[in-house]
Amino acid sequence: MSASSATMTSASSVNSPAFWERLWRISGINAIGCFIIAYLVYPTMPRIGTSADAVVALYSGDRTRIFIAAVFGGLAVLNLMWFAAALRATLADSGQDGWGAAVTASSAAVGALFLLLISGVTALAYSIAGPDNQSLASGLNDFVWACAVMTSFPRAMLIMSGSFGFWRAKLISSSQFAVCVGAVILGVLGGTTWLRGGVWAPDGAYARFIWPSVGILWVLFASRVLLTRSPATRAAW
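All residue numbers refer to positions counted from 1 along the written sequence of the respective chain. Reporting of local features is limited, given that this is a predicted model, to residues whose pLDDT is at least 70; pairs of side-chain atoms are given and counted only at 80 or more, and all residues count toward the totals for whole chains, interfaces and linings. Side-chain figures throughout are based on the complete set of non-hydrogen atoms in the structure, without hydrogens or water.

## Observations regarding the packing of aromatic side chains
Here a ring pair, both rings aromatic, is described through the centre-centre distance and the interplanar angle of the planes.
No. 1: Whether two aromatic rings pair depends on their centres lying within 6.5 Å, for rings of Phe, Tyr and Trp, where Trp uses its six-membered ring; planes under 30 degrees apart make the pair stacked, over 60 edge-to-face, and the rest tilted. Counting across every chain of the model gives 10 aromatic pairs.
No. 2: Here the aromatic rings of F35 and F114 are separated by 5.6 Å at their centres, their planes lie at 75°, and the arrangement is edge-to-face. Of this pair, F35 sits in helix α3 (residues 27-41) while F114 sits in helix α6 (residues 97-128), and the two are 79 residues apart along the sequence.
No. 3: Accessible area is worked out with a 1.4 Å probe on protein chains only. A residue is then buried under 20% of its type maximum, exposed over 50%, and partly exposed in between. Given a relative accessible area of 29%, F35 falls into the partly exposed group.
No. 4: Among the residues examined, F114 registers a relative accessible area of 16% and is labelled buried. Working definition: helices are DSSP H or I runs of at least four residues, strands are E runs of at least two. Numbering for both runs from the N terminus.

See the structure below:
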């Protein structure tokens, strides 16, 4: 009887909306973990202007690491989409459906561009990078860098829509909201990193480290807001 009761209790908890709501609310943290693993596994990406020979050598010589990183990158995007869904559900439950819709739109754009980046480098490693396609491989490598810069705009919109929704729903303070606005500005600036070299280049320190770090910190902050909030008053899951 006790074992049967325990099984029924476990099944009941899994079937409850609260279980799924909490599961998707922690997806942002899971996404960050997958992104970090993908970053650590992935070899150092050739910078813009790297010789075609060096580009081909990296993509053809480190295929296994690139494929493994692609899997974790895909899982990161998957978890990011679930995180956005949880964020949208929370905002809708708070009466901020408009900001929730903006979260959905921006997260879809972010996910699509991230998958495009992952597909690009994976295609290079899988078959494109070779002695007969050196110019094409070098051009696609530069395209990936440029595409990464353009992801700054939907990423900034995701932070903006979530932050404004939290603030309008009174889930965060005005001082926290001001910090989030600063993060949005930093995100938009990430889309201006078009110098030929240095910190403000597409492969410079700002685009590679500073802006991604801002995004990671915001996802952690938003996850904390979601996890400390009571379950939704209406079943969203």
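Picking up where we left off.
## Regarding the pattern of salt bridges
No. 1: Salt bridges are defined as contacts in which a side-chain nitrogen from Lys or Arg sits within 4 Å of a carboxyl oxygen from Asp or Glu. Evaluated as defined, the whole model comprises 3 salt bridges.
No. 2: A salt bridge links R25 to E21, with the nearest nitrogen and oxygen atoms 2.8 Å apart. Placement of both R25 and E21 in helix α2 (residues 17-25) is noted, with a separation of 4 residues, approximately one turn of the helix. For the pair formed by R25 and E21, the shared burial category is buried.

## Let's talk about the confidence of the model for the protein
No. 1: pLDDT expresses how confident the predictor is about each individual residue, on a scale running from 0 to 100. Per-residue pLDDT for the protein averages 90, and the proportion of residues at 70 or more is 92%.
No. 2: Should any heavy atoms of two residues lie within 4.5 Å, those residues are considered in contact. A low-confidence stretch, residues 5-12 (pLDDT under 50), is modelled with 0 contacts involving residues beyond four sequence positions or located in other chains.

## What about the side chain of S161?
No. 1: With respect to the helices, strands and loops of the structure, S161 is situated in helix α8 (residues 152-168).
No. 2: Residue S161 is classed as buried on the basis of its relative accessible area of 2%.
No. 3: At 3.1 Å, the side chain of S161 forms a polar contact with the backbone oxygen of L158.
No. 4: For S161, the contacting residues outside a window of four places in its chain are L91, W99, A102, V103 and S106. Under the rule applied, a polar contact is a pair of N or O atoms within 3.5 Å (in protein, one hydrogen donor and one hydrogen acceptor; residues adjacent in sequence only if both atoms are side-chain atoms).

## Brief notes about the environment of P43
No. 1: With respect to the helices, strands and loops of the structure, P43 is situated in the loop between α3 and α4 (52-61).
No. 2: When the C-alpha positions of P43 and R63 are compared, they lie 9.3 Å apart, and in sequence the two are 20 residues distant.
No. 3: The contact partners of P43, leaving out residues within four places of it in the chain, are L58, D62, R65 and I66.

## Some remarks on the nonpolar core
Across soluble globular proteins, you tend to see nonpolar side chains buried next to one another.
No. 1: Membership of the largest hydrophobic core comes to 49 residues, with the highest contact counts inside it found for Y42, M45, Y59, F83, L87, F166 and W218.
No. 2: If you list the elements that add at least two residues to this core, you get α3, α4, α5 (63-93), α6, α7 (134-150), α8, α9 (174-190) and α10 (205-228).
No. 3: When neighbours within four sequence positions are excluded, Y59 is seen to be in contact with Y42, M45, P46, I66, V121, L124, A125, A129 and N141. Definition used in this section: a nonpolar core is a set of buried Ala, Val, Leu, Ile, Met, Phe, Trp, Tyr and Cys residues joined via side-chain atoms within 4.5 Å.

## Remarks on a nonpolar patch on the surface
No. 1: What makes a patch is a set of residues exposed beyond 30% relative accessible area and free of salt bridges, joined within 9 Å when like-charged and within 5 Å when nonpolar (Val, Leu, Ile, Met, Phe, Trp, Tyr). Accessible surface is estimated by sampling points in the Shrake-Rupley manner with a 1.4 Å probe; for residues, cover comes only from the protein chains shown. A cluster of nonpolar residues, I36, Y39, L40, F209 and I210, forms a patch on the protein surface that exposes about 520 Å² of accessible area.
No. 2: No other element matches α3, which puts 3 residues into the nonpolar patch.
No. 3: Following the sequence through the fold, I210 ends up in helix α10.

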